[in-house]
Amino acid sequence: MASTIPDPLPGSTAASVTPSATDRPGRIEAHGIDHIPDSERHGHPRELFSVWAAANVNYLSLVVGGALVLMGLSLWQAVAVTVVGNLLWLFPGLLAVSGPAAGAPSEVITRAVYGVVGNRVNNAVGGWLVSVCYFALNLAAAATAAFALVEKAGITATTPVKVAVVVVIAALTLIISVYGHALIIKLYLPITLVLAGAFTVVAFAVLRHADFSYAPAERLAGVDLWALLLAGTAMIASGPLSYTTSADFSRYLPRTASKKAIIGWTALGAFLPSVVVGSLGVFAATAVDMTDPQTALQEILPGWFVPVFLLALVLGTIAINALTAYSAGLALQAVGFRIRRSVSVLFDGAVAVALTLYGLLVSNFLDTVSNALQMIVVLIGPLMAVYATDVLLRRARYDGLALSDETPGSPFWYAAGVNRAGALALVAGVTAAALCVNTLYTSPIAAALDGIDLSLPSGMIVSAALYALLMRKDRTLLAARAEA
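Residues numbered from 1 in each chain as written. Predicted model: local features only at pLDDT ≥ 70, side-chain atom pairs only at ≥ 80, totals over all residues. Heavy atoms only, no water.

## Regarding the side chain of T324
Here T324 is to be found in helix 15 (residues 306-335). A polar contact of 3.0 Å, which involves the side chain of T324, links it to the backbone oxygen of I320. With near-sequence residues (within four places) excluded, T324 lies in contact with S131, Y134 and F135. (Helix = DSSP H or I, 4+ residues; strand = E, 2+ residues; numbered from the N terminus. Polar contact = N/O pair within 3.5 Å; in protein donor to acceptor, adjacent residues only side chain to side chain. Contact = heavy atoms within 4.5 Å.)

In structure tokens form, the structure reads like this:
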């Protein structure tokens, strides 16, 4: 039943910052995918800055920045690509405004896009499966840094030790995810400050050794250069485009919270550290061999700082994986499993740990998953584009209680539980992207364009345009506009 307590007036600070009794750092979050009533809304959009900053002051941005130089770009071309690719953080910022509007996470809001039943498929593949794979890959990266730290402490990284390290890192991550939203808001500001301090030291070391006049031995031009620029941009952009779950972390904000502030603090919190750390990776690649960044960077870092650096890599991965596990838990609930959010998070963590251990100790499974995630770029672009288009078409007006209704009487049941507009737009976008891709395979269009990969823009443009066209007469959309 909807709360009868009125929303705080715009500009009111007391009502907007008082924590809810049910959303406190020391308590396990009670809410899952259910609607957050107005009486439990609290906080300020600026809290979102540290949430996204902590998750993006990380090792992965450093590695990807170095990879741009290894691919053959010059120093300033690589920096430009880093900036342009990260501009797409505006999309998660836009999606975040749907959280306070609906009082629901992204995993529920997308029922407006795909229908109640269609959205279960969306959450199973685009939500849960992708999140668990990312969790496993990030956990493997953190474990590698932790193994080096253990070795420096004089302990041989035997198989039992490696298992223990992976389990400990996963446990620390899952504690944050299980306690949930309030603990994330509380912890991520100090985590951001700690990581910023650590990477400031890295920055001094890198900038001292960087070659600011660096250029590749063979300068690319024409089609070859454009192909590489587009490929690099798509690689950077895959980061922000994978976060179609940004409403998960904004849904507790009051309904009256400024939409511009939500977009700005979310996008800026992710954009700034991603650009800074990614650029450090670019600069580092002019001084050391970034094919093995963790080892190479230790050559230019102060000896006393190396253990701190390794700890920072682990902490950054914990921060990003806690968000991933949190959203994966919500996705599992949205698929239809009637379990508490805390239980779903623990289940996701157990699956990710199993995949990580199998990949690290038994086979090259993580390489397989990594390759699969390269192909998922053809999916995440259209997923982001369709969701963002829906937010714009509805002018960020969502009925959270109606979205919570999963019965055939729901306004978002559409036809047999599927919104054909969303499903067709997504399929068309993915098809268009697949026809233009040049990663694990060269598509017909990429081959005709001498290797230029247009999968990202083509998939997003086709899916967004088709969705807008098919939804122009939808009654739920027209009703949302009438309320605006």
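## Regarding unusual backbone geometry
Here R395, not a glycine, exhibits a phi torsion of approximately 55 degrees, which is positive. Among the structural elements, R395 can be located in the loop between helix 17 (365-393) and helix 18 (400-404). Of note in this structure, A396 is not a glycine but carries a positive phi near 55 degrees. Looking at where A396 falls in the secondary structure, it is placed in the loop between helix 17 and helix 18.

## A short note on the pattern of salt bridges
Within this structure, the stated rule accounts for eight salt bridges. For the salt bridge of R251 with E29, the shortest nitrogen-to-oxygen distance reads 3.0 Å. Taken together, the residues span a long stretch of sequence, with R251 in the loop between helix 12 (222-241) and helix 13 (259-285) and E29 in the loop between helix 1 (14-17) and helix 2 (47-56) at a distance of 222 residues. Here R251 falls in the buried class, since its relative accessible area comes to 0%. In this structure E29 comes out as buried when scored by relative accessible area, which is 5%. When the shortest N-O distance is used, the salt bridge between R255 and D38 registers 2.8 Å. Here the residue R255 occupies a position in the loop between helix 12 and helix 13, and D38 occupies one in the loop between helix 1 and helix 2, the gap between them amounting to 217 residues. One salt-bridge network, in which partners are shared between bridges, spans R111, R120, R338 and E406. (Salt bridge = Lys/Arg side-chain N within 4 Å of Asp/Glu carboxyl O. Buried < 20%, exposed > 50% of the residue type's maximum accessible area, 1.4 Å probe, protein only.)

## Things to note about the layout of surface pockets
Taken as a whole, the second largest pocket spans an internal volume of roughly 370 Å³. Those elements that place two or more of their residues in the lining of the second largest pocket are helix 6 (98-102), helix 13 and helix 22 (475-483). No other element matches helix 22, which puts five residues into the lining of the second largest pocket. Looking at the lining of the second largest pocket, its residues break down into 12 nonpolar, one polar and seven charged. (1 Å grid on protein atoms, 1.4 Å probe; cavity = no way out; pocket = protein on both sides within 12 Å on 5 of 7 lines; lining within 4 Å. Points joined across faces, edges and corners; volume = space filled by probe spheres on them. Nonpolar A, V, L, I, M, F, W, Y, C, P; charged D, E, K, R; others polar.)

## Quick look at the packing of aromatic side chains
Counting across every chain of the model gives 11 aromatic pairs. When the ring of W52 is compared with that of W89, the centres are 6.1 Å apart and the planes differ by 55 degrees; the resulting orientation is tilted. Linking W52 in helix 2 with W89 in the loop between helix 4 (75-86) and helix 5 (90-96), this pair joins segments that are 37 residues apart in sequence. Of the two residues, W52 and W89, both sit in the buried class. Aromatic side chains W52 and Y243 sit 5.1 Å apart centroid to centroid with 90 degrees between the ring planes, which places their arrangement in the edge-to-face category. Remark: Y243 occurs in the loop between helix 12 and helix 13 and W52 occurs in helix 2; sequence separation between them is 191 residues. Each member of the pair, W52 as well as Y243, carries the same accessibility label: buried. Put simply, the rings of W52, W89, Y243, F249 and Y326 pair up and form one aromatic cluster. Its end group placed over the ring of F147, K162 keeps NZ or CZ at 5.4 Å from the ring centre. (Phe/Tyr/Trp six-rings, centres within 6.5 Å; stacked < 30°, edge-to-face > 60°. Lys NZ or Arg CZ within 6 Å of the ring centre and 35° of its normal.)

## Considerations on helix 10 (residues 159-179)
Counting along an α-helix, one turn takes 3.6 residues, and residues three or four places apart therefore face a common direction. An ideal rise of 1.5 Å per residue puts 30 Å on 21 residues; helix 10 measures up with 30 Å between its terminal C-alpha atoms. Turning to helix 10, its buried residues number three or more, namely V165, V166, I169, A170, T173, L174, I176, S177 and V178. Those residues of helix 10 that are buried lie in contact with helix 9 (116-152), helix 11 (181-209), helix 15 and helix 16 (341-361). Just downstream of helix 10, G180 is the residue with a positive phi angle, here 85 degrees. (Expected span 1.5 Å × (residues − 1).)

## Points about the nonpolar core
Of all hydrophobic cores here, the largest spans 137 residues; its most connected members are Y188 and L297. Looking at this core element by element, the count peaks at 17 residues for helix 15. Beyond its immediate sequence surroundings of up to four residues, Y188 is in contact with S50, V51, A54, I176, I318, A319, A322 and L323. (Core = buried A, V, L, I, M, F, W, Y, C linked by side-chain atoms within 4.5 Å.)

## Some words on the environment of P92
Mapped onto the fold, P92 is located in helix 5. Judged by relative accessible area, which is 0%, P92 ranks as buried. A sequence separation of 174 residues divides P92 from T266, and the C-alpha atoms of the two residues are 7.2 Å apart. If we ignore the near neighbours within four places in the chain, the residues touching P92 are P240, Y243, S246, T266 and M384.

## Examining the packing of helix 9 against helix 10
It is the contact of helix 9 with helix 10, at a shortest axis distance of 9 Å, that shows an interaxial angle of 125 degrees. As far as their axial angle goes, helix 10 and helix 9 are oblique. As helix 9 packs across helix 10, the resulting crossing turns out to be right-handed. Within the contact between the two elements, helix 9 uses F135, L139, A142, A143, A146, F147 and V150 and helix 10 uses V161, K162, V165, V166, I169, A170, T173 and L174. Split by residue class, the contact of helix 9 with helix 10 holds 13 nonpolar, one polar and one charged. (Axes fitted to C-alpha atoms, helices over the stretch in contact; angles between N-to-C directions. Parallel < 35°, antiparallel > 145°, perpendicular 65-115°, else oblique. Left-handed = near helix turned anticlockwise from the far one by under 90°.)

Don't take any of this as a statement about function, it's just geometry.
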